[in-house]
Amino acid sequence: MLKNLTSRPEAVVAATALALFLVFWGLIGEAWLNDLPSLLRDVSWLGIVAIGSAIVIVSGEFDLSVGSVYAFVSMIFLMLMQSGISPALAFLLSMALACSIGALSGYLVWRFKLPSLLLTLGFLFVYRGLVEWITEGFPLSIAEEIQSNWLLQLLGGKTLGLHNSIGICLVLVLFYAVAMTKARFGNHVHAVGDSEVAASANGIPVGLVKVKVFTIGAMLAGFAGVISAANLSSVSTTTASAMEFEAIAAVVIGGVSLLGGAGTVWGAVLGVFTLITLKHALILMGVNIFAYQIVLGVVLVGVVALKGVVPKLLAAEWVSK
Amino acid sequence: MAERPQLLARIETSVVIGAILVVALFAVATHGQWLSSIPSVLRITAQIGIVAIGQALLMTSGEVDLSVGSVFAFVGVIFIWLTEQMGLGIAPAIALALLAAATIGALNGLTSLFLNVPSMIVTLGSMFIYRGLTYISTMGFSLSIPRELRRDPVVLFLKDRVWNINTTVIILAVLTVLFTFLLAKTRIGSHIRAVGGSTTAALANGVSPVATKLKAFIICSFLAGLSGVLVACQEGSVYSTSGVQMELETIAAAVIGGCTLRGGIGSIWGPVLGVFVLSSLKGGLMMMGAPTSWYIALVGLLLIAFLILPRLLNSRMGVAS
C-alpha cells in the first residue's frame, strides 16, 4: 500500500511542495503567511493553464502558444468591454475566440501531420505579435464603472480573504481529473498519446481527440487570462510571456510523461504549486528575481534527468538483491 | 516522383523563390531605396545566420536547441568578463569563450542523450539558466569591452568592411560553404543525416547515434557562441536581452529553409537564405514604417505556412509523405 503510494510521481511532488512550503515558512516567518493569498492566486492562474497543457502533453502533443493565447484573449476581452459590450457577452465571445484558436491548432496538427511543437511555436509569434500590434506597447485597462460588475467580481474578486480564482481552479482540477480518469474522453486522450496507430486501429477518432485537446488547452489558457484581467483590471504587452515554458516545466515536475500517454491533471497543478512557491520565496527573501529563471531551468532539467536515472538505479538495486 | 523536375524537388526551392519575392517586393515598394539597406540587412543575417547553421545541423540530426539565444548572450558575457576581469587579450578571450560555448553544447547533449531527456526540454532548461546568468552578470543592463582593447587588431578586423561588406558577412559565407560541404559530402555529415532519419537503422549500420548527435549539439552551441563573440566585438557590448527570441528565429529559418523536426533531411544554405528572408522582412517593414510587432507575427505566419506548404504540395503532386 505504502509502496503503491510512494511510487506515484505525484506523491513525490506533493511531499516536495509541502516540504518547500514549510521550509520557507520557517525561513521567512510571518511575511510568508501574509503572502499566502497572492501565492495561491498565482498558483490558480498558472494552474488553470497547466491543466490544459497537461492534457495536451498526455495526448502526445505540445502547445507552446498558451502564453500568447492567454495575453491575446484577455486583451480581446478588455477591448470588447471598452467598446461598450457587457462583460458577460464579452466573456462568452472571448471564450469562443480561445476555443477557435485551439481548434485551429488541433486541426492543422492532425490534418497536415505537423509537429505540434513547431506549429504552436509559430502561433506563439503570431498571437504575441497581434497583442503588441494592437496595444502598441501600452497596457489596456478596465473602465472604473464596470469594475464592480458581478461577472468581473465573480472571476477576479475575493471571498473570505481568498481569491475566487482559487476555487475556480480547484473545481476545474476536479472536473478534468474525473474527465481524464473516469470518462471516455480521458481514455481516448491516453490512448492517442500512447500510440496513435493503436488508437486509430481501435476505432478512436484521433483527429477529433486532437482538436478537442488543443481546444481545451487554449480555452483554459484564455480563461486564465480573462480571470487575471478581471483581477488586475489591466493587460500589458508582456503579460504571460514565457508562460508556456513555466506551464511545461510545472507539468513535467508534476509527473506527466513528455512522451505522452501518462500523467495526471492534479499532478500538474502540484507542479505549479512547487514552482510558484519557489518564485515567491525568492522574491520575499530578496534574491535577484532573475535567479528564478535559473532555478526554473535547473529544476526542469533536474526533474526530468532524475526520472531517467532513478528507475535505472532502483532496477539495479533490485537485481543485486 | 521521378517525373518531378530535379529543381522543384529540392527542399530549398521554396526559400529561393521566397527570397527573390521578398527582394523584389521591397525593391518595388520602396522604389529601390530598400536596395541600399542591403548591407545592414546582411549584417543582421550574419548574426543570426551563423547560429542558424548550427540549428539546422542539429535539426537534421533530429534534435532541437532552444537555448541558442541565451548561449549567444552568455558566451558574449563570458568573453567580456575574461577581457575585463581576467585581463586577457582579445584573442585568448575569444578562444576561451568558444571553449565555454562548446562545453555548454556538450553539457546539453550529454544530459539529453545519456539521461534520455528530449532535447527540447533540456535546452528549454538551459535557455532559462543561461539567460538568468546573463541577466545577473549584466545587472539587467549591459557589459562592454574595456576601452583599451577597443583598438585591438582582432576587434578592428571584425568591425572592418571589405568592398562595403562586413567581415562577419564573409565569415557567414565561409561557414555556410564549409557546413554545406560537411553535411553533404563528409562522413560526419552522412552520419548526421542517418541518425536523423532513423536512429535504429543508423545503429544497425554501425553509426553511433549518441556520438553523432553529441557532435551536432557541440557544433550548434559553438556556433551560437561564435556569433555571440563576433557581435560583442562588433558592437562593443552585450545586453541582457541580446539574442532573445533567437531560438525562435533560427528554428523558423531552418524550417523555411527546408529542415523539419523529423530529421534526416536538411540543408545549410537553405536556412541561411531563410535568415536572409527574415532579416529582409525586418529591415523592409521598418523602412515602410510598419510597427515591429508585424515582424514577429510574420515570422510566425511564415513558419506555419512553410510547415503546411510542402505537405500540401506533396499531396497534390501525389507523392507519398
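So, how was this worked out
Residues numbered from 1 in each chain as written. Chains lettered and ligands numbered in written order. Predicted model: local features only at pLDDT ≥ 70, side-chain atom pairs only at ≥ 80, totals over all residues. Helix = DSSP H or I, 4+ residues; strand = E, 2+ residues; numbered from the N terminus. Rg over C-alpha atoms; globule rule 2.2 N^0.38 Å. Buried ≥ 20, exposed ≤ 12 C-beta atoms within 10 Å, placed from the backbone. Contact = placed C-beta atoms within 7 Å. Axes fitted to C-alpha atoms, helices over the stretch in contact; angles between N-to-C directions. Left-handed = near helix turned anticlockwise from the far one by under 90°. Nonpolar A, V, L, I, M, F, W, Y, C, P; charged D, E, K, R; others polar. Core = buried A, V, L, I, M, F, W, Y, C linked by C-beta atoms within 7 Å. pLDDT = per-residue confidence, 0-100. Expected span 1.5 Å × (residues − 1).

Provide a residue-level description of the overall build of chain A, including the pertinent values.
The secondary structure content of chain A amounts to 14 helices and four strands. Computed over the C-alpha atoms, the radius of gyration of chain A is 20 Å, within 12% of the 20 Å expected from 2.2 N^0.38 for a compact globule of 321 residues. With respect to the three principal axes, the spread of C-alpha positions in chain A is 70 × 55 × 30 Å. Looking at chain A residue by residue over its 321 residues, the buried ones come to 50%. Considering only intrachain contacts with a sequence separation of at least 6, the fraction spanning at least 24 residues in chain A is 80%.

Outline the overall build of chain B, listing residues and values.
On a plain count of helices and strands, chain B comes out with 14 helices and four strands. A globule of 321 residues ought to have a C-alpha radius of gyration of about 20 Å, and chain B, at 20 Å, matches this closely. Looking at chain B as a whole, 52% of its 321 residues are labelled buried. Restricting to contacts in chain B with at least 6 residues of sequence separation, those with at least 24 account for 80%.

Quick rundown of the packing of helix α4 (residues 66-82) of chain A against helix α6 (residues 116-135) of chain A? Include the residues and the values.
In helix packing, the relevant descriptors are the interaxial angle and the interaxial distance, both defined with respect to the helix axes. All names here are of chain A. Contact pair α4 / α6: the axes reach a minimum separation of 8 Å and the direction vectors enclose 35 degrees. The handedness of the crossing between α4 and α6 comes out as left-handed. The segment α4 lies against α6, with S68, V69, A71, F72 and M75 engaging F123, L124, Y127, R128, L130, V131, I134 and T135. Of the residues contributing to the contact of α4 with α6, the split by class is 10 nonpolar, two polar and one charged.

With reference to specific residues and values, describe the interface of chain A and chain B.
If you look at the interface, chain A gives 37 residues, while chain B gives 37 residues. Of all the elements in the fold, those that place two or more residues in the side of chain A that touches chain B are α6, α12 (243-253) and α14 (290-320) of chain A. In terms of residue count, the dominant contributor to the side of chain A that touches chain B is α6 of chain A (14 residues). Taken together, the residues of the side of chain A that touches chain B sort by class into 27 nonpolar, six polar and four charged.

Go over the environment of I50 of chain B, please, and point to the residues and values.
Following the sequence through the fold, I50 of chain B ends up in helix α3 (residues 38-60). Take I50 of chain B: there are 27 C-beta atoms within 10 Å of it, and that puts it in the buried class.

Please give an account of the nonpolar core that cites residues and values.
Ranked by size, the top nonpolar core spans 203 residues in total, and within it V49, A50, I51 and I55 of chain A together with A97 and L303 of chain B carry the most contacts. Residues within four places of L303 of chain B in sequence aside, it is in contact with L118, L121, G122 and F125 of chain A together with A252 and V255 of chain B.

Outline the environment of L175 of chain B, listing residues and values.
For L175 of chain B, the position within the fold is in helix α8 (residues 167-185). Once residues within four sequence positions are removed from consideration, L175 of chain B is found in contact with I50 and I53 of chain B.

Lay out the environment of W32 of chain A in plain terms, naming residues and giving numbers.
Residues and elements named next belong to chain A. Looking at where W32 falls in the secondary structure, it is placed in helix α3 (residues 30-58). According to the C-beta neighbour criterion, W32 is buried, with 20 such atoms within 10 Å. Along the sequence, W32 and M285 sit 253 residues apart, while their C-alpha atoms lie 9.7 Å from each other. Residues within four places of W32 in sequence aside, it is in contact with F24, W25 and L284.

Account for helix α12 (residues 246-256) of chain B, naming residues and giving values.
Residue and element names in this part refer to chain B. Counted residue by residue, α12 has 11 buried out of 11 residues, so it is predominantly covered. For α12, the set of buried residues is M246, E247, L248, E249, T250, I251, A252, A253, A254, V255 and I256. Note on α12: the residue one or two positions beyond its end, G258, has a positive phi of about 110 degrees.

I'd like a description of unusual backbone geometry, backed by residues and values.
Positive phi, close to 50 degrees, is recorded for K113 of chain A, a residue that is not glycine. The residue K113 of chain A is located in the loop between α5 (87-111) and α6 in this model. Residues other than glycine seldom take positive phi values, yet Q245 of chain B does so here, at roughly 75 degrees. Note on placement: Q245 of chain B falls in the loop between β4 (237-239) and α12. Overall, Q245 of chain B belongs to the partly exposed group, with 15 C-beta atoms counted inside 10 Å.

An account of the confidence of the model for chain B is needed here, citing residue identities and associated values.
When pLDDT is averaged across chain B, the result is 84; 94% of the residues are at 70 or more. Both scores are given for the predicted complex: the pTM is 0.84, the ipTM 0.79.

Can you break down the packing of helix α4 (residues 68-84) of chain B against helix α5 (residues 90-114) of chain B residue by residue, with the values?
Residue and element names in this part refer to chain B. Viewed as axis vectors pointing N to C, α4 and α5 meet at an angle of 145 degrees, and their least axial separation amounts to 9 Å. The handedness of the crossing between α4 and α5 is right-handed. Side by side, α4 and α5 meet where V71, V75, I78, F79, L82 and T83 of the first sit next to I90, A93, I94, L96, A97, A100, A101 and I104 of the second. When the residues that make up the contact of α4 with α5 are grouped by side-chain class, the tally is 13 nonpolar, one polar and no charged.

Please set out α5 of chain A residue by residue, giving values where relevant.
Since the α-helix turns once every 3.6 residues, residues separated by three or four places project in the same direction. Compared with the 36 Å implied by 1.5 Å per residue over 25 residues, the 35 Å span of α5 of chain A between its first and last C-alpha is a close match. Buried within α5 of chain A we find P87, A90, F91, S94, A98, I101, G102, S105, G106, L108, V109 and W110 of chain A.

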